[in-house]
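Notes for the structure review
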Number of protein chains: 2
Amino acid sequence: QVPSAVKPKVLTYAERASQCTHSVSRRLLKIMEQKKTNLVLSADVTKSKELLDLVDKTGPHICMVKTHADTLDDFCDDFVEKLKQLSNKHNFLIFEDRKFADIGNTVVHQFSGGVHRISDWADVINAHTVPGAGVVQGLQKVAQGKDIGCLLIAEMSSAGNLATGDYTQVTVKIAEENPDFVIGFICLSKLSSNPALLHMTPGVQLKEGQDALGQRYLTPQEVISNRGSDIIIVGRGIYGASDPTEAARQFQIAGYDAYLARLS
Amino acid sequence: QVPSAVKPKVLTYAERASQCTHSVSRRLLKIMEQKKTNLVLSADVTKSKELLDLVDKTGPHICMVKTHADTLDDFCDDFVEKLKQLSNKHNFLIFEDRKFADIGNTVVHQFSGGVHRISDWADVINAHTVPGAGVVQGLQKVAQGKDIGCLLIAEMSSAGNLATGDYTQVTVKIAEENPDFVIGFICLSKLSSNPALLHMTPGVQLKEGQDALGQRYLTPQEVISNRGSDIIIVGRGIYGASDPTEAARQFQIAGYDAYLARLS
């Protein structure tokens, strides 16, 4: 056997957790190992009560919930309190999918202030890199001293998106240059061999397809086994199901089986 | 004189207003002509009262105010009501600088719902094109039947930004393909010869320079006369001045003089 034919060993979540310097990626990988899930619930509903019910039902099957606080018509401090209680009850992290995309000076206020005060409650946030590295520097200023990790949007699942080629490569570089704050990517496939960087893929359904506004879907098997991503993000496949708990269980199994297949 | 040496006639704001099919660009150009201003105030303060005071003081000098509703700690319906009253009193438009940057299905809710309900009060919004044309389609679905125009972020003023080259060109194409909704660009220089498309440039100060988080500044003269943009967006140069009214007046004069110089 020649060296070039040696398949690199795929590390387990637990092995990777031990190599992470960022507290948030370590916590997330430990939850994934312990609960046997790489499923993130994209809780795209517009009422707090509906979101909390959905999260309580699916909590045992997920490692993280992804929110859009700015789409909740009745967002308030009480909602945040209850979401945090559920994250403790079911042991998952909270990821606010704000997609920060402004200059550093502006994202400082968008992250820390306003009605939503995201930096008070989110474990994970994300940012577009189109404004340049200043967006990461601005967010990191706010995150200083808090346990918050940032994902960079390196690729998108929507049709005709511009996060490709050089855009993606520059984004990977910004991530690798900011290990104290950036914990990984929103992407469609593995982009970095650094075991501390997590790859999370949205637009996952049990069958491939496309919605009316350009969103395209991949399967857990394709995302985890073939493309080498770490985490599947599922929205409509769960909250749109007649039985969201059962749907979450199915995505948990499909995603984890695909991970085990990659390990073997 | 050979034809290639003929300088194309620069249209006045009034001439361009008559060529616009979108009600919002027509209104904005008429305000610019009437009030003799191409100045947009970027009202980046974090308290409603402070914002309203600033806007009331500078209102006579601006054609539009740019807000970040999500950085206002005390955002509420009463604030929106008062801002609208000021926009009537001083005759300016309201531009919510949300930089929508998600897939179509998500921006529908971010634009119409949540605590901010942006589509209820903004005359102008903007979007990043990194998600592809679906972001415009999603926003347009919400804007249907309302007088709201959308700007696309074709270029940015921050250091190392990725809105360049093909990214910018695709953005111009998306704008030109959606004249019923897209009224222009956030950009650093003129990108389209279509007189109905407005060019607005942020990062304007009376002196060139850079802030600590990568924002770079150009002068009104450079932006309007040399680069052929239509509108200057000024934040810290006004709200950070000891006399914001006088600062706004100076930017109004500098911006309008640069426009007159381009006409002649």
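This part is about the packing of aromatic side chains. Residues and elements named next belong to chain B. Across all of its chains, the model carries 13 aromatic pairs over all chains by this definition. Taking the centre distance of 6.2 Å and the plane angle of 40° together, the rings of Phe75 and Trp121 count as tilted. Note that Phe75 is positioned in the loop between strand 2 (64-67) and helix 4 (77-90) and Trp121 in the loop between helix 5 (104-112) and strand 4 (124-128), a separation of 46 residues in sequence. An identical accessibility class is assigned to Phe75 and Trp121; each is buried. Geometrically, the ring pair formed by Tyr256 and Tyr259 is tilted, given 5.1 Å between the ring centres and 55° between the ring planes. Of this pair, Tyr256 and Tyr259 both sit in helix 10 (residues 244-263), three residues apart, which is roughly one turn of that helix.

What follows deals with helix 4 of chain B. Residues and elements named next belong to chain B. Over its 14 residues, helix 4 extends 20 Å from the first C-alpha to the last, a length consistent with the 20 Å expected when each residue adds 1.5 Å. Where helix 4 is concerned, the buried positions are Phe79, Val80, Leu83, Leu86, Ser87 and His90. Considered in projection along helix 4, the buried side chains sweep an arc of 120° and stay on one side of the axis. Away from its buried face by more than 90 degrees, helix 4 exposes Asn88 and Lys89. Tucked into the core, helix 4 has its buried residues touching helix 2 (23-35), helix 3 (48-58), strand 2 and strand 3 (93-100). Asn91 sits one or two residues past helix 4 and shows a positive phi near 60°.

Another point: the side chain of B:Asn161. Its location among the elements puts B:Asn161 in the loop between strand 5 (149-153) and helix 7 (165-177). Among the residues examined, B:Asn161 registers a relative accessible area of 10% and is labelled buried. A distance of 3.0 Å separates the side chain of B:Asn161 from the backbone oxygen of B:Met156, its partner in a polar contact. Of note is the side chain of B:Asn161, whose polar atom sits 2.8 Å from the backbone oxygen of B:Ser158. The contact partners of B:Asn161, leaving out residues within four places of it in the chain, are A:Val130, A:Pro131, A:Gly132, B:Met156 and B:Arg216.

Rules behind the numbers
- Residues numbered from 1 in each chain as written.
- Chains lettered and ligands numbered in written order.
- Predicted model: local features only at pLDDT ≥ 70, side-chain atom pairs only at ≥ 80, totals over all residues.
- Heavy atoms only, no water.
- Phe/Tyr/Trp six-rings, centres within 6.5 Å; stacked < 30°, edge-to-face > 60°.
- Helix = DSSP H or I, 4+ residues; strand = E, 2+ residues; numbered from the N terminus.
- Buried < 20%, exposed > 50% of the residue type's maximum accessible area, 1.4 Å probe, protein only.
- Expected span 1.5 Å × (residues − 1).
- Arc of directions from axis to C-beta.
- Contact = heavy atoms within 4.5 Å.
- Polar contact = N/O pair within 3.5 Å; in protein donor to acceptor, adjacent residues only side chain to side chain.

Any functional reading would require information beyond the geometric quantities listed.
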